[in-house]
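Spelled out from the first residue to the last, the chains are:
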Amino acid sequence: MTAIKFKRLPGNDLPLPCYETPGAAGMDLRAFLPEGPVIFEHGSLLIIPTGFCVELPQDTEMQIRPRSGMALKHGFIIPNSPGTVDEDYRGEVKIGLYYLGKDPFAISHGDRIAQAVIADVRRFPTVEVEELSDTKRGSGGFGSTGAA
Ligand SMILES: O=c1ccn([C@H]2C[C@H](O)[C@@H](COP(=O)(O)OP(=O)(O)OP(=O)(O)O)O2)c(=O)[nH]1
Ligand SMILES: [Mg+2]
């Protein structure tokens, strides 16, 4: 089976990202903060390193998504969610976290702060045309079909 290749950055003693249960969709990503915890205040937006670079299989992407517990219990959102790691990216994977909680919250080295889902990517050629085909929806959007 194809493996996701991770390259460990110097000083990184963290476990390799992995699936926490056999059926998990995402592998958890940990904060690489060897110099100590980072304190989030309400409204903080910080980019947290993971200590790993990744090489993805051809025609895949890594989506960086929030962990539900971090979001719903503590108020951490990922503003660019799902973050997109391109298959040709060779830099360190980083996670942007925005904190909505009231009280200051510490994120420490090794905390599992996000999850990475590997997804297939299809690429298509693009073409400019004069007309698009007719549909029942037409130009309706943004709630045009109602709520109930
Ligand atoms: O949550 C994320 C999102 C992106 N990246 C890295 C991998 C990705 O391949 C690269 C570029 O991301 P993206 O294409 O979303 O950002 P951009 O603003 O379009 O930057 P670029 O012009 O470099 O493509 O940044 C991360 O490490 N974490
Ligand atoms: Mg881009």
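Note that the structure is predicted; figures quoted are calculated from it, not measured. (Residues numbered from 1 in each chain as written. Chains lettered and ligands numbered in written order. Predicted model: local features only at pLDDT ≥ 70, side-chain atom pairs only at ≥ 80, totals over all residues. Heavy atoms only, no water.)

## Overview of the overall build of the protein
Short version of the rule: Segments assigned H or I by DSSP are reported as helices when at least four residues long, segments assigned E as strands when at least two residues long, and all are numbered from the N terminus. Each radius of gyration reported is based on C-alpha atoms, and the globular scaling rule is 2.2 Å times the count of residues to the power 0.38. Residues count as neighbours in contact if any of their non-hydrogen atoms are within 4.5 Å of one another.
Looking only at helices and strands, the protein features one helix and eleven strands. In the protein, the order of α-helices and β-strands from amino to carboxyl end is β-β-β-β-β-β-α-β-β-β-β-β. What you see for the protein is a C-alpha radius of gyration of 19 Å, clearly larger than the 15 Å of a compact globule of 148 residues, by over 25%. If one aligns the C-alpha atoms of the protein with their principal axes, the spans along those axes are about 60 × 40 × 30 Å. In the protein, of all internal contacts separated by at least 6 residues, the share reaching a separation of at least 24 is 71%.

## Considerations on the nonpolar core
Let me state the cut-off plainly: Here, nonpolar core means buried Ala, Val, Leu, Ile, Met, Phe, Trp, Tyr and Cys residues that are tied together by side-chain atoms lying within 4.5 Å of each other. Three exposure classes are used, based on accessible area relative to the maximum for each residue type with a 1.4 Å probe and protein chains only: buried under 20%, partly exposed in between, and exposed over 50%.
Core analysis: the largest hydrophobic core is formed by 26 residues, its most contacted members being Met62, Ile64, Ile95, Leu97, Ile107 and Ile113. If one sorts the elements of this core by residue count, strand β9 (residues 92-99) sits on top with four residues. Not counting the four nearest positions on each side in its chain, isoleucine 107 is found in contact with Ala31, Leu33, Pro37, Val38, Phe40, Met70, Phe76 and Ile113.

## Considerations on a negative patch on the surface
Under the convention used in this document: Candidate patch residues must exceed 30% relative accessible area and have no salt bridge, after which like charges are joined if within 9 Å and Val, Leu, Ile, Met, Phe, Trp or Tyr side chains if within 5 Å. Calculation of accessible area relied on Shrake-Rupley with a 1.4 Å probe; when residues are assessed, cover is drawn exclusively from the protein chains displayed. Note on definitions: salt bridges are taken to be side-chain nitrogens of Lys or Arg within 4 Å of carboxyl oxygens of Asp or Glu. When charges are counted, Lys and Arg contribute as positive and Asp and Glu as negative, whereas His and the chain ends are disregarded. In this description, the location of a charge corresponds to atom NZ of lysine, CZ of arginine, CG of aspartate or CD of glutamate.
Residues Glu128, Glu130, Glu131 and Asp134 make up a contiguous surface patch of negative charge. Tracing the sequence through the fold places glutamate 128 in the segment after β11 (112-120). Overall, the relative accessible area of 80% leaves glutamate 128 in the exposed class.

## Looking at a nonpolar patch on the surface
Side chains of Val127, Val129 and Leu132 sit close together on the surface and give an oily, nonpolar patch of about 340 Å² of accessible area. Tracing the sequence through the fold places valine 129 in the segment after β11.

## Quick look at the pattern of salt bridges
Counted by the stated rule, this structure contains six salt bridges. Between glutamate 55 and arginine 90 there is a salt bridge; the shortest N-O distance is 3.9 Å. Of the two residues, glutamate 55 is situated in strand β5 (residues 45-55) and arginine 90 in the loop between β8 (83-85) and β9; the sequence distance between them amounts to 35 residues.

## Section: the environment of alanine 147
Along the chain, the position of alanine 147 falls in the segment after β11. With 110 residues separating them along the chain, alanine 147 and proline 37 place their C-alpha atoms 44 Å apart.

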